[in-house]
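Topology and contacts: notes
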Amino acid sequence: MISSLVLNPQSLKNFANSFTIVNNESANSSCGKNECPGPTSVIPRPDDDKVYVLCSIYLGISLIALFSLVFFLDNHKPDQDDLEKVSKTVKETFKLLLTSVEKLLLLPILGFYALIITFVTVEFARSFIACAYGIHSIGLWFVIWGVSSSIFSIIIGHLVKYIRKTNMLLIGMVIQCSSIIYLLFWSLDSIVYIIIFLAVVLGCLDTLNATCINAIIGDVFHEKLSSAYAANRFCMSLFFLTAFSLSEVLCVYQKMYTILTLGAISIVCLIIFKLRVGKSFKNV
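Residues numbered from 1 in each chain as written. Predicted model: local features only at pLDDT ≥ 70, side-chain atom pairs only at ≥ 80, totals over all residues. Heavy atoms only, no water.

1. Examining the overall build of the chain
- Along the backbone of the chain there are ten helices and zero strands.
- For the chain, the sequential pattern of α-helices and β-strands runs α-α-α-α-α-α-α-α-α-α.
- Taking contacts inside the chain between residues at least 6 apart in sequence as the whole, the part at least 24 apart equals 82%.
- Carbon and sulfur atoms form 67% of the exposed surface of the chain, whose accessible area is close to 15,900 Å². (Helix = DSSP H or I, 4+ residues; strand = E, 2+ residues; numbered from the N terminus. Contact = heavy atoms within 4.5 Å. Areas by Shrake-Rupley, 256 points an atom, 1.4 Å probe, with all protein chains shown as cover.)

Here it is as structure tokens:
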């Protein structure tokens with residue numbers, strides 16, 4: 001919301017018109033899947049004054065967060081037992097990754113999740129939102145995305161009582177792949193409300209993915225919970241590093257095909273995972 005208010009070229013009275021097509025032929029011709037990384041950008045740079053104001057606001061918020069941690073967070077000094085626990089957890093983490101078939105089956109799903117998140121925050125924000133509607137519209141789109149994610153996080157707690165977690169995750173992955181397929185055929189002539197609707201859908205699916213993956217790991221690997229979650233965060237970090245690196249190399253359509261390919265692999269792995277653990281864990 002802050003970035004939209006600061007970068008919006010219109011007055012606050014016309015703020016509701018943020019999602020309007022930008023008349024820029026050079027930009028519009030490369031919007032969507034056709035955009036590729038390069039030395040120059042077709043998206044107009046905001047005025048320097050607005051950039052300085054926005055950076056100053058973000059810097060101020062960061063400093064407030066830093067001072068809050070320094071002065072209000074309790075200081076904890078690790079002892080020898082803590083260091084031994086960390087060393088043990090690291091060994092068990094890599095052992096779990098190398099020996100557990102169930103954990104290996106979840107790796108493509110974690111990679112798919114990382115690719116989706118980076119696609120939304122990088123390619124979609126840059127090539128579909130900023131390119132077509134202006135850079136000021138990114139913040140407003142993410143407000144919609146975040147609000148829908150927060151609301152759905154409350155709803156999903158009730159849904160898991162009636163739908164198995166693997167089934168919910170499978171449905172979410174199919175919808176995400178369908179959204180990517182739609183964006184392959186997206187054009188500037190498309191109705192703007194579809195882009196806003198995608199913000200709601202992708203926000204809800206982000207919550208669904210994170211919740212279901214963590215819940216599945218908690219149920220299946222409850223005897224080695226700390227190692228399982230450590231392996232999860234380790235793999236996610238590597239996948240995010242790879243996914244963000246690909247954003248600087250691949251064109252948008254190439255990354256979209258990569259997501260669809262990994263999505264298909266993930267669906268197959270999830271079905272196999274479900275068959276393996278379904279008898280032992282009925283709520284998974």
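Moving on from the coordinates now.
2. Topic: the state of the cysteines
- Within the structure shown, the criterion is met by one disulfide.
- A sulfur-sulfur separation of 1.9 Å characterises the disulfide bridge that pairs Cys36 with Cys251. In this structure the cystine formed by Cys36 and Cys251 twists about its S-S bond by roughly 110°; its chirality is therefore right-handed. Note that Cys36 is positioned in the loop between α2 (25–28) and α3 (48–72) and Cys251 in the loop between α9 (225–246) and α10 (252–277), a separation of 215 residues in sequence.
- On the accessibility criterion, Cys36 (35% relative accessible area) is partly exposed. (Disulfide = S-S within 2.5 Å. Buried < 20%, exposed > 50% of the residue type's maximum accessible area, 1.4 Å probe, protein only.)

3. Observations regarding the side chain of Ser247
- Assignment of secondary structure puts Ser247 in the loop between α9 and α10.
- Looking at Ser247, its side chain comes within polar contact range of the main-chain oxygen of Ala243, at 3.3 Å. (Polar contact = N/O pair within 3.5 Å; in protein donor to acceptor, adjacent residues only side chain to side chain.)

4. Quick word on the pattern of salt bridges
- Taken as a whole and judged by the stated rule, the model has four salt bridges.
- Among the ionic pairs, Arg126 bridges to Glu35, the shortest N-O distance being 3.4 Å. With Arg126 in helix α5 (residues 101–133) and Glu35 in the loop between α2 and α3, this residue pair connects regions lying 91 residues apart in the sequence.
- Exposure remark for Arg126: the relative accessible area of 23% places this residue in the partly exposed category.
- Judged by its relative accessible area of 15%, Glu35 falls in the buried class.
- Residue Glu102 is joined to Arg276 by a salt bridge in which the shortest nitrogen-to-oxygen separation is 3.2 Å. In this pair, Glu102 is assigned in helix α5 and Arg276 in helix α10, connecting sequence segments 174 residues apart. (Salt bridge = Lys/Arg side-chain N within 4 Å of Asp/Glu carboxyl O.)

5. Quick look at helix α6 (residues 137–159)
- Its 23 residues place the ends of α6 32 Å apart at the C-alpha level, agreeing with the 33 Å of an ideal helix rising 1.5 Å per residue.
- Each element contacted by the buried residues of α6 is listed here: α1 (2–7), α5, α7 (165–184) and α8 (192–220). (Expected span 1.5 Å × (residues − 1).)

6. Quick word on the packing of aromatic side chains
- In the structure shown here, the tally under the stated rule is eleven aromatic pairs.
- For the pair Phe124 and Trp141, a centre-to-centre distance of 4.8 Å together with 45° between the ring planes defines the contact as tilted. Taken together, the residues span a long stretch of sequence, with Phe124 in helix α5 and Trp141 in helix α6 at a distance of 17 residues.
- The buried category is assigned to Phe124, whose relative accessible area is 0%.
- Between the aromatic rings of Phe128 and Trp186, the centroid separation amounts to 5.2 Å while the plane-to-plane angle is 65°, which identifies the pairing as edge-to-face. Of this pair, Phe128 sits in helix α5 while Trp186 sits in the loop between α7 and α8, and the two are 58 residues apart along the sequence.
- Given the relative accessible area of 0%, Phe128 is considered buried.
- Since its relative accessible area comes to 8%, Trp186 is described here as buried.
- Ring-pair connections join several aromatic residues into one group, and the members of that group are Phe119, Phe124, Phe128, Trp141, Phe142, Trp145 and Trp186.
- Above the ring of Phe221, the side-chain terminus of Lys103 is found at 5.6 Å from the ring centroid. (Phe/Tyr/Trp six-rings, centres within 6.5 Å; stacked < 30°, edge-to-face > 60°. Lys NZ or Arg CZ within 6 Å of the ring centre and 35° of its normal.)

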